[in-house]
Structures are given as structure tokens and as C-alpha cells.
Number of protein chains: 2
Amino acid sequence: MTDLSALDDSELKDLYSDLEKKYSDVKKQNLSLDMSRGKPSPEQLDLSMELLDLVKSEDTLVVKEAIDVRNYGSVDGLIETKQLFAEMLDVAPKQIIIGGNSSLSLMHDTVARALLLGVVDSKTPWSKLPNVKFLCPSPGYDRHFSICEALGIEMITVEMLEDGPDMDKVEELVKNDENIKGIWCVPKYSNPEGITYSDEVVTRLAQMETKATDFRIFWDDAYTVHHLTDQPDQLKNLLDACVGANNPNRAFIFASTSKVTFPGSGISAIASSEENINLIRKQLSTQTIGPDKLNQLRHVRFLKDLKTINQHMQKHAAIIKPKFDMVLNVLETELASYNIATWNEPNGGYFISLNTLDGCATEVVKLASEAGVKLTPAGATYPYGKDPKDRNIRIAPTFPTLTELKTAIEVLCLCIKLVSVKKQLDK
Amino acid sequence: MTDLSALDDSELKDLYSDLEKKYSDVKKQNLSLDMSRGKPSPEQLDLSMELLDLVKSEDTLVVKEAIDVRNYGSVDGLIETKQLFAEMLDVAPKQIIIGGNSSLSLMHDTVARALLLGVVDSKTPWSKLPNVKFLCPSPGYDRHFSICEALGIEMITVEMLEDGPDMDKVEELVKNDENIKGIWCVPKYSNPEGITYSDEVVTRLAQMETKATDFRIFWDDAYTVHHLTDQPDQLKNLLDACVGANNPNRAFIFASTSKVTFPGSGISAIASSEENINLIRKQLSTQTIGPDKLNQLRHVRFLKDLKTINQHMQKHAAIIKPKFDMVLNVLETELASYNIATWNEPNGGYFISLNTLDGCATEVVKLASEAGVKLTPAGATYPYGKDPKDRNIRIAPTFPTLTELKTAIEVLCLCIKLVSVKKQLDK
């Protein structure tokens, strides 16, 4: 095998016809494999089954501050739960508000409140402005982009570099446009590239001059404890950096236990400056009776502290690391010598991000789908679903079994080769 | 004892000085009693403890439609949960979306989405209009009014009559003002008066001509199964009435299990036309990963069906009916002959609504508070916290013990007498 560009037309045609035959054989297998979303596998969910037995009918259900967890109260969460997230996010408990089972809801609602009511430093609610824009480092998380699209916020794509967003570009944009009110970030083991922002990027985000006085960083620290190695990436503390830069209210940090315990039955949290937290707590009191305290108690009893969380996450890693390794091995074996794709080798998180040759991703995803392998739609990792180079494919290795995964990635590689050779032939 | 207005000045002064002495004695007891919020008592919470044991680590957690309730999915709830609420609200499962632990959140978010995105029949999102108004039948639920106040919606007070809102007034207002976009209703065992809307009121709400094409009824059916008698009030089906009146999308119905199982750890639902439900489901998919499925499964296994729910609610009634009776007896004994207050005798719900003589409620609540008995703030049952006649006091009898309750109501009656006699003397 060799670099495609070194092959002449006849060699390319032979290769293409060989690949076509293989693809035709694959189709006959009637596969039905799904690598489209970052879901934990059943084996990972089994790790948390004990959680279900930790709040029982015979238990004491009155906790600190004399709170009966079965009744109304605690709009911003139990102190025990705040302490757990405070340790995880390296902030003070008073900088935390506990949310429900979905950090996506926390993020959506934080944007919605900014639109309807404004944030601490707003002169006017954002929805009263003629135009609101967010920066979207991309490839990024499709559900962040969906929130903007649904709420009518204009998205500006900023390129992701090896240590985070292109900060030269970010600084230039926010300095000159007061309509730019926010930026979406997945700063650790980013979705989909697995990149952790460098200290310099964090510092520049905290320090940069913004035309909008009420600019906010939406810091989705979704994978903060989701390591795949024993040498985890380190992320600089953004809230501290913001205080140091005299922009104390600039950041909202979001986290959840969705991929620690049970997605859909976890708990979430928002961390921010005390001033931001106090305003949000006040706003929340008209919005909700507060998050499920019984489920908070289950989680506090199960996860205990950061040390216990880290031990628990090692069990997750033991299950999913072989899947990441499998994907990387197959990609290396099948694609490396052709020079038709590049990919990341993440130290944590839930995804492997792959770039095909420009203009190939949509066709690859289509072919894979027709062969029974469902991938995240091409373009989904970019605002408005439009990847300007049509090259990024997000691989979610956690849910399928190792066997299914191997088949799925082999099919993916086959499709990448098919489309790449076709492209070379069409030149 | 006799009607105050029949007493001469000297008799009034004697009575006042006698009441002052009693009040002074009460203050010495250093009471600390809270009748301010509609919370279930610990004994009521004990009724649902079995719920905590119905989803355990050894259980099968894959349910209908092959859904693993531990993982992502089901943004609008499990079919099992929809069936449960469908039976409770007498609608079809496809007219239901399951929410999280707070119907207050569902209501807030439904208003927020209308502001940000509009509803099915909207020409423009409500927040883009210069002015949005809601009708607020009053006395009513303070948290409905807080949502409007927080979101900048102007509230128009409409008087509550014996069978629901003053419909002549409602019809006149909505017919002539296109800025009136909604009305808040607690149609069954209303908060605070315990009134159930008559069939005629429901029909007129469904049929009335509205200037706004996207007018919505926010129908908070919070107490739909919360009966205090064996002859429950019957509420006409609003969704059917709306279909019959050719206004199929006019109503959003809200309900929850907050006062059935555990407040803060219950489940909630919204019911509406299929067209409304389909739009909300689409909007929700950018907003949340969906409600907690493990908690839905607990509830489905515990509550089973409407028959089981009704049996369960009879156990609640057995605990709280004696408290309602106690309050009504003390009010009758202490106040009836003076002609200084009126009150309702509800067939269900969580409150007794009491009206003092005009201009007395604020002072009564203040005196009671100074004697250690905390009541819902006077005015809270009206928009902007302003009771135009300063007379309504909401009594929440469920949480205190019978002994505490007796003391608290006796103190309340003493304060009502004190303030009423003072008022008579000052004439």
C-alpha cells in the first residue's frame, strides 16, 4: 500500500474495482451498527448499579441542614452535592448551583435566561438586541450549535487549533463586535477532537478585551474526570483566571455525572462567580422547585468525593480504552499509508475526530450508512451542520461491543478509501 | 359572642382589652409554627416509601420499546409514563410529554418558549411584541404570578367567582386586546379557594373569541386527584372542549406527582393537542436529554394506574382531612358569630382561603408572625403581591401536626379578632 497520489490511473482503477467488490460484499452482510452518539455501553452502566440501592425505604432521609430530602426545598441543591461538584471542579461550594438530570438543560436555560433577562453585567436582555452572536470553535459539539440555532443566535465558526480555539481570531472578533455575547467551549478532551485547552488559551480567554460588557464563556467541562490514561490532561482553572484578569463574572462552567453514573438519571451543576450564582439562584426560584434531592443523595453516597470518582472513572476507562485503541489500530492499519485521513489520539473524553480529504465526509457517511453503519451526520460538528471543508467525521467508540466496533471501523475505512480513490480518479 | 357591628364603643373596648391580654399571653409561649406553604407532612411522605425500593440493582431495567432506562433517550418520556398521565388527565398518550421533577419548570419553560419562539399559531415570538399580558384570576397561585413578573408579562387581575373566573370579564378582555396572550388557571380545587370550575366556565374558556390568534390557557391541574371527600368534584375535559369549539391548540394542561409521591422527586407532564405536543417535542430536543427514566420507572411501578393512584390518594386524605376539619371547626367556633371573616370549605386540594374584613389581612399576618405563626404573606395570592381589598389569607393546613395546627389557627383567629375590633373602634 502506498500514498494514493503516487498511483497512476490504471493502478487507481484496479484499486477502486477491488474496493467496490469489498463494499458490495459488506452490504450483503446487512449490518446494523450505530456509532453516531456518545453513549456509554451497558457494561459501563453496570458499574453504577449499586447507586440504585443507596436510598431505600428504611434509610434516614434527613440530611445536613435538617433537610428532609423527600419534601420541597433546596432550590440550588444540597450542600453535600455542592461540595462534591466543588471538589470536582476546583471551586468553592458557594460558587455552585446543582441542576437536574441534564447539563444540556442548564446550558440551554442559561442562554435562555440571558436572552429573556440578561446577565449580571447586561444593560439589556439579549433578546431585545437586533442581533446576538456566539463564537463556535469547530469542530465542536452539535448540541451547543443547536441551542444557538433554535434561539436565533448567529454562530461564527472559529477554527480549533492543537491547543484550543484560534485565539488570535477570537481576540480580534470579540474586541470589535459588541453583538458577540458568548463562546462555546468544551475545554477538556473536547468534543470531538479530544483536545485540552492549554494554559495560555485559558488565560487569553479570561483576559481578552471584549466589546460586549456582558460577554460570557460557556465552558462545558463535560469530560473533566473522563480520562483514558494514567497521565490525565490538566486544565487551568478558568474561574481563577477570570478573577485574576479582573473579569470575575465572565465564565459559566457546566458539568454533570451523565457519563459517570447514568445518562438521563444523573445530576448536573453550574459553577460561576458568586455574583453570577446569586443572580441565577434568584432567577431559578421562579423557575423550579429545585433539583431532585433523593437523586442527589444517591449520588453523594455513591460517588463520595473526587478520589472515589477517579477510582470509578478508572473502571470506565478499563472498558472503553480498548475500544479507542481498537479504532486507532484499525485506522492506522487501513488508512495511514494512503495519506487520505488524519485523526486525533485523545487522552480522554468520548470521541475520535477524523478528517478525510477535503470534500469527502458527506459521501463517506452516506456510503457507510448504506452499508449499515450509522455515523454522526457529516457537518454536525460545525455550526448550521455545514463543514466548510466537508472532511470531519466524529467517531463515538464507547457504545458498540469490540467486535461490532471492529466491523464498523473497517467499513468506515473501506468507505473512506472508496471515496478517496474516486476523488483521485475524478481529478 | 355576637356580630361586632352590634357592639357599642364600651363593649368593643372591653373586648379589645381582653383580646390584647390573650395575645400578650400567646406571645410569651414563643411559638414557631409555619403554615405558609402547601407542603405534605412527613406522614404523607411515608405513604410512598415503597417507591424507593421499586428500582433496584438486580432489576430488569429494559422496558417497552427496548429502552434501557439507564441510558440516553426518550426526550418526551417513556410510553409507560405517558399512559399513566393520559389516564389521569383523560387524554391520549400521544397528547402527553413527560417532564422532570417540577411542573413549575414545565409551566415556566412553556411561557419562556412562547416568548423566545412563539407557539403553534404565533406570527411572532411573544418577546418581540411591545407588550404581553396574561389574565390572572385571583386569588390565585403566587408562583404563576412570579413567572409573569420575572418574565415581564403584564398581569390583569380577574375576580374569582364561585364557579371559576368571572367569565363576562374574561370574555370582554380577550375579545378586545390582542396583547392578552394567556390566562393562568388552577381549575380543580383551586389554589387557594378550593373551587372547581363549572362545566359552563370550561366551555366558555374553550369557545370565547380572542383577539390574539395565539391565545393560550395555562391549565395547572395540580390537584386533579387530590380529593378530600368520597364525592370528588368533576372537571370538564378542557382539551375536548377546545376541539369542540374549533380552538384545538388553545390549552396547555400541567400536572405532576409532587403531592402524590415526593415533592422534588416526582414526575410532571404536559398535555395538549397533538400539534402543540409535536412542536414542543421538537423544541425540547435542543433543550434537554429528556426526563429521568429511572424515576419514571419507579413511579410507573408504584402508581400503576388511576385506580391505584386513587387508592393512594385516599391514604393522603385520611391524614389531611382531619387537619382541614380542625381548621374549619376552629374558624367556625372562633369567628362565625362575629361576622368578621368568610372562608371556603374545599372538597380537595391543599388550602383554605379566608377573607377578613377589607383592609385587615396585612395586619393580621403581621401580628400572627410576631406571635410565632408564619402565614403566606398577605397579598401573595394576587398579582404583584397586592390584594386590592387586603383581605385574603391562604391557610395551608397539611404540614403541621394536628396539635400545632390547632394552636396556629387559634392564634390566627385571635389576630383576626384583634385587628377587626381595632378597625371597628377606629371607625
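Note that residues are indexed from 1 along each chain, following the sequence as it is written. Each chain takes a letter, starting from A, and each ligand takes a number, starting from 1, following the order in which they are written. The predicted nature of this model means local features are confined to residues of pLDDT at least 70 and side-chain atom pairs, given and counted, to a pLDDT of 80 or more, with totals for whole chains, interfaces and linings taken over all residues.

Honestly, the overall build of chain A in this entry has me stumped. Any pointers?
When its secondary structure is counted, chain A shows 13 helices and 15 strands. Taking 22 Å as the expected radius of gyration for a compact globule of 427 residues, we find that chain A reaches 23 Å, a close match to that expectation. In terms of its C-alpha atoms, chain A occupies a principal-axis envelope of roughly 75 × 55 × 35 Å. The long-range share in chain A, meaning contacts at least 24 apart out of those at least 6 apart in sequence, stands at 77%. A helix here means a DSSP run of H or I that spans at least four residues, while a strand means a run of E at least two residues long, and both kinds are numbered starting from the N terminus. Based on C-alpha atoms, the radius of gyration is set beside the globule rule, defined as 2.2 Å times the residue count to the power 0.38. Throughout, a residue-residue contact means that the two C-beta atoms, derived from backbone geometry, are no farther apart than 7 Å.

Help me understand the relation of the copies chain A and chain B, please; the structure alone is not making it clear to me.
A least-squares superposition brings the copies together, and it is based on the C-alpha atoms of residues with pLDDT no lower than 70 in both. At an RMSD of 0.0 Å, chain A and chain B line up after a rotation of 180° and a shift of 0.0 Å along the axis. Taken together, the turn and the small shift mark the pair as related by a two-fold rotation axis. Same-surface contact between copies: 100% of interface residues of chain A are shared with the interface of chain B.

Whenever I open this one, the interface of chain A and chain B confuses me. Can you help?
Reports often express the size of an interface as the amount of accessible area lost when the parts come together. On the side of chain B, 43 residues touch chain A, which itself brings 43 residues to the contact. Counting only elements with at least two residues in the side of chain A that touches chain B, the list comes to helix 2 (42–46), helix 4 (103–117), helix 5 (142–150) and helix 10 (293–303) of chain A. It is helix 4 of chain A that contributes the most residues to the side of chain A that touches chain B, 6 residues altogether.

How do you make sense of the pairing of strand 15 (residues 392–395) of chain B when you look at a structure like this?
Residue and element names in this part refer to chain B. The burial label depends on the number of other C-beta atoms within 10 Å of a residue's C-beta. Counts of 20 or more mean buried, 12 or fewer mean exposed, and intermediate counts mean partly exposed, with C-beta atoms placed from the backbone. In strand 15, alternate side chains face the same way, and those of Asn392 and Arg394 on one face and Ile393 and Ile395 on the other are all buried. In this analysis, strands are considered paired if DSSP registers two or more bridges between them. Of the strand pairs in this sheet, strand 13 (residues 352–356) and strand 15 are connected by 4 bridges, and their pairing is antiparallel. Bridging from a neighbouring strand, leucine 354 pairs with isoleucine 393 of strand 15.

Would you mind showing me how to read the domain arrangement of chain A here?
Residues and elements named next belong to chain A. Just so you know, the domain bounds were taken from an automatic or database domain assignment. Each assigned domain of chain A is listed with its residue range as follows: domain 1 (4–45 + 310–426) and domain 2 (61–304). Placing the centre of domain 1 and that of domain 2 at their C-alpha centroids yields a distance of 31 Å. With 24 residues of domain 1 at the contact, the number on the domain 2 side is 27 residues. Put simply, the parts of the chain that give the side of domain 1 that touches domain 2 at least two residues each are helix 11 (306–335) and strand 15 (392–395). Looking at the side of domain 1 that touches domain 2 element by element, the count peaks at 6 residues for helix 11. Note on residue classes: Ala, Val, Leu, Ile, Met, Phe, Trp, Tyr, Cys and Pro are nonpolar, Asp, Glu, Lys and Arg are charged, and everything else, Gly too, is polar. A class-by-class count of the residues in the side of domain 1 that touches domain 2 yields 12 nonpolar, 9 polar and 3 charged.

Explanation requested: the packing of helix 11 of chain A against helix 13 (residues 402–426) of chain A in the structure shown.
When two helices pack together, their arrangement is given by the angle between the helix axes and by the axis-to-axis distance. Residues and elements named next belong to chain A. All axes are obtained by fitting lines to C-alpha atoms, using only the stretch in contact for helices, and the reported angles, taken between N-to-C directions, cover 0 to 180 degrees. Put simply, helix 11 and helix 13 touch, their axes get as near as 10 Å, and they point 30° apart. As far as their axial angle goes, helix 13 and helix 11 are roughly parallel. Considering the relative orientation of helix 11 and helix 13, their crossing is right-handed. Residues Pro322, Lys323, Met326, Val327, Val330, Leu331, Glu334 and Leu335 of helix 11 form the contact with helix 13, whose own contacting residues are Leu402, Leu405, Lys406, Ile409, Glu410, Cys413 and Ile416. Convention used here: angles under 35 degrees read as roughly parallel, angles over 145 as roughly antiparallel, angles from 65 to 115 as roughly perpendicular, and any remaining angle as oblique. Crossing chirality is assigned from the near helix's rotation relative to the far helix, an anticlockwise turn below a right angle marking it left-handed and a clockwise turn marking it right-handed.

Would you mind showing me how to read the sheet that holds strand 10 (residues 251–256) of chain B here?
Paired through their backbone hydrogen bonds, the strands of a sheet run either parallel or antiparallel. All names here are of chain B. The 8 strands are arranged 4-11-10-9-8-5-6-7 in an open sheet whose pairing can be described as mixed. Either end of the sheet is taken by a strand with one partner, and the two such strands are strand 4 (96–99) and strand 7 (164–165). Examined bridge by bridge, strand 10 and strand 11 (residues 268–271) share 4 bridges and lie antiparallel to one another. Among the inter-strand pairings, phenylalanine 254 is bridged to a residue of strand 11, identified as isoleucine 270. Relative to strand 4, helix 3 (residues 79–89) is tilted by about 115°, and along the sheet it contacts strand 4, strand 10 and strand 11.

Can you help me understand the packing of helix 12 (residues 361–370) of chain A against helix 13 of chain A in this one?
Residues and elements named next belong to chain A. At a minimum axis distance of 9 Å, the contact between helix 12 and helix 13 shows a crossing angle of 130°. It follows from the interaxial angle that helix 12 and helix 13 lie oblique. Here helix 12 runs over helix 13; the crossing is right-handed. Residues Glu363, Val364, Leu367 and Ala368 of helix 12 form the contact with helix 13, whose participating residues are Val411, Leu412, Cys415, Ile416, Leu418 and Val419. Of the residues that constitute the contact of helix 12 with helix 13, the class distribution is 9 nonpolar, no polar and 1 charged.

What exactly am I supposed to notice about the nonpolar core here?
Across soluble globular proteins, nonpolar side chains show a tendency to be buried alongside one another. Joined through C-beta atoms within 7 Å, a set of buried Ala, Val, Leu, Ile, Met, Phe, Trp, Tyr and Cys residues constitutes a nonpolar core. In this structure, Ile253(A) and Ile253(B) are the most contacted members of the largest nonpolar core, which totals 258 residues. Not counting residues within four places of it along the chain, the set of residues in contact with Ile253(B) comprises Leu89(B), Trp219(B), Asp221(B), Leu238(B), Leu239(B), Ile270(B), Ala271(B) and Ser272(B).

Looking at this model, I keep getting lost on the confidence of the model for chain A. Mind explaining?
Reading fine detail from the predicted coordinates is not recommended where pLDDT is low. Along the chain, pLDDT gives the predictor's confidence residue by residue, from 0 to 100. In the predicted model, chain A carries a mean pLDDT of 97, and the fraction of residues at 70 or more is 100%. Here the predicted complex scores 0.97 on pTM and 0.96 on ipTM.

Whenever I open this one, the environment of Gly164(A) confuses me. Can you help?
Residues and elements named next belong to chain A. In this fold, glycine 164 is placed in strand 7 (residues 164–165). On the basis of neighbour count, glycine 164 is assigned to the buried category, with 22 C-beta atoms found within 10 Å. Placed 33 residues apart in sequence, glycine 164 and tyrosine 197 show a C-alpha to C-alpha distance of 4.7 Å. If we ignore the near neighbours within four places in the chain, the residues touching glycine 164 are Ile195, Tyr197, Ser198 and Val201.

Sorry, what's going on with helix 6 (residues 167–176) of chain B here?
All names here are of chain B. Among all positions in helix 6, only Met167, Val170 and Val174 are buried. Within helix 6, the buried residues cover an arc of 55° as seen down the axis, which keeps them to one side. Facing away from the buried side of helix 6 by over 90 degrees, the exposed positions are Asp168, Glu172 and Asn176. Against the buried residues of helix 6 lie strand 5 (133–138), strand 6 (154–161), strand 7, strand 8 (180–185) and helix 7 (199–207). Note that the arc is computed from the directions linking the helix axis to the C-beta atoms.

How should the environment of Ala112(A) be read in this particular structure?
When you line up the elements, Ala112(A) lands in helix 4. Since 23 C-beta atoms lie within 10 Å of it, Ala112(A) is described here as buried. Each C-alpha atom of the pair Ala112(A) and Pro125(A) lies 9.9 Å from the other, and the pair is 13 residues apart in sequence. Apart from residues lying up to four places away in sequence, Ala112(A) is in contact with Leu151(A), Ala112(B) and Leu116(B).

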